[in-house]
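Spelled out from the first residue to the last, the chains are:
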Amino acid sequence: MLLSLFIDSIFIPLSFGNQELSLRMNYEQFCISILILLPLAVLVGHLTLRLGALAPLPFIRSDLFTTSLRLIVADVLIEIMQNSLSCVPFEEEEDMVELVLQSFGVGCPLYARALTPASALQVYGYRFLAIVLGIFLGECWMPVALTGGIATGKSTVAKQLVEGHPVDASADTNLKKDGENKKEAKSKINDELESGTVYLVDTDKIGHDILLESTKGNVYQKIVSTFGTDILDENKVIDRKKLGAKIFDNRTLRHKLNGITHPCIVYKMVQKLLWGLTFSGCDVTVGDVPLLFEAGMPAMFCLTVVVTCTPEQELQRLMARNPELTKEECQARIRAQMPVEKKANRANIVINNSGDLQNLVKEVEKARKQIIWRLYGFGFTLTQIVTIVGASLPIAIWYKLYQHSQGDPTESS
């Protein structure tokens, strides 16, 4: 399909004339490209990414659906750009709405005259660069959210996503035979993870850090002035257990705490997500957000991965992790969050952590593959497809431009 689009764009019949662009029309076409096409392309690029990530057709493999969707969107965008080249009006008085619509090839006026190849190439250049840049920016924001219940195993899953398969050289007979040490084994596994590398943003850690007085942009003073000095330990550090005990049964105080901490956490999380998406060099940037649904943040992410287990396991694991809590206190903390079943129903990908560690590894690697398929398809982004296909049209225009410069009598007039 990609080859077909490429060939069609080269051999599409192009008609040119003798109309040159005036300085005013140059300015208008440049402004339309930057102010209209660029934001629209950002929206199209991001919506295409999100729709591909959702993979709404269960009978089609997610990578096939994602790539097919991008090919269709690329074809539509290129067709619009091709058709709009013959729709550049030259009247001095032109309604702005009509001018914008005509830039998309809609409502082409009878007085629109054919451009010279050089002018057509110039107009196409404005539009093509604006669309490619916009799509690229739209596709840049592609973070994945990882969430789940209070003790379902999010941290274990996050570690597995970042590090890959757990390595135990002493337990692997093949490694013993080959004489590989643990470091070499881990290097071998990392080499196998050619795709699906993960940069993790831990919002729990962010929440811990902003309570420290030494952290830049902390909320230490606001918390102490709001909840009192009795939440501090002997080192004047906020004791999270004391703070938690103080707000747990008091909804008003809990809302006050969330109002102080959540804006700061979200701000720092977005900063780290942007850094991960731009500079980390990893294929996927994942935000570990325990209260994703409770805080109303699913829309910030392209994909939502939920870690689940049975209610009995959740309670047992919480009691084992926090032995200072009674069974009733553990049950109350679980009830304070959205039930795991509801989170799973709203998830794009579910990781079942009801089994042993070996089963969890399989679940995580299956989820990793699904994430890559949904975000990247067969490996072509919409930006790449539009660039490859769209850049082929100037070949035909340059050929016409060459004919024009040679005075070819066969060119359209």
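Attention in this report is confined to the structure presented alongside it. (Residues numbered from 1 in each chain as written. Predicted model: local features only at pLDDT ≥ 70, side-chain atom pairs only at ≥ 80, totals over all residues. Heavy atoms only, no water.)

### Observations regarding a nonpolar patch on the surface
Okay, so step 1: A grouping of Leu64, Phe378, Phe380 and Ile388 is seen on the molecular surface, where their side chains present a nonpolar patch of about 360 Å² in accessible area.
Okay, so step 2: Tracing the chain through its elements places phenylalanine 380 in the loop between helix H16 (357–376) and helix H17 (382–390).
Okay, so step 3: You can call phenylalanine 380 partly exposed: its relative accessible area is 34%. (Patch = residues over 30% accessible without salt bridge, like charges linked within 9 Å, V, L, I, M, F, W, Y side chains within 5 Å. Areas by Shrake-Rupley, 256 points an atom, 1.4 Å probe, with all protein chains shown as cover. Salt bridge = Lys/Arg side-chain N within 4 Å of Asp/Glu carboxyl O. Helix = DSSP H or I, 4+ residues; strand = E, 2+ residues; numbered from the N terminus. Buried < 20%, exposed > 50% of the residue type's maximum accessible area, 1.4 Å probe, protein only.)

### Remarks on the nonpolar core
Okay, so step 1: Core analysis: the biggest nonpolar cluster contains 30 residues, and Ile223, Phe227, Ile238, Leu243 and Met269 have the highest contact counts within it.
Okay, so step 2: Mapped onto this core, the elements with two or more residues apiece are helix H10 (220–227), helix H11 (240–247) and helix H12 (251–279).
Okay, so step 3: Per-element accounting of this core gives the leading share, seven residues, to H12.
Okay, so step 4: Dropping the residues within four chain positions of it, leucine 243 is found in contact with Ile223, Phe227, Ile231, Ile238 and Leu257.
Okay, so step 5: Ranked by size, the runner-up nonpolar core spans 23 residues in total, among them Leu146, Cys302, Val307 and Ile351. (Core = buried A, V, L, I, M, F, W, Y, C linked by side-chain atoms within 4.5 Å. Contact = heavy atoms within 4.5 Å.)

### Thoughts on the pattern of salt bridges
Okay, so step 1: Under the criterion given, the structure shown has five salt bridges.
Okay, so step 2: Glutamate 294 serves as the salt-bridge partner of lysine 343, at 3.3 Å between the closest nitrogen and oxygen. With lysine 343 in helix H15 (residues 340–345) and glutamate 294 in the loop between strand S3 (284–288) and strand S4 (303–308), this residue pair connects regions lying 49 residues apart in the sequence.
Okay, so step 3: Two residues, glutamate 365 and arginine 368, come together in a salt bridge whose shortest N-O distance is 2.9 Å. With glutamate 365 and arginine 368 both in helix H16, this residue pair falls three residues apart, about one helical turn. In this pair, the class of glutamate 365 matches that of arginine 368, namely buried.

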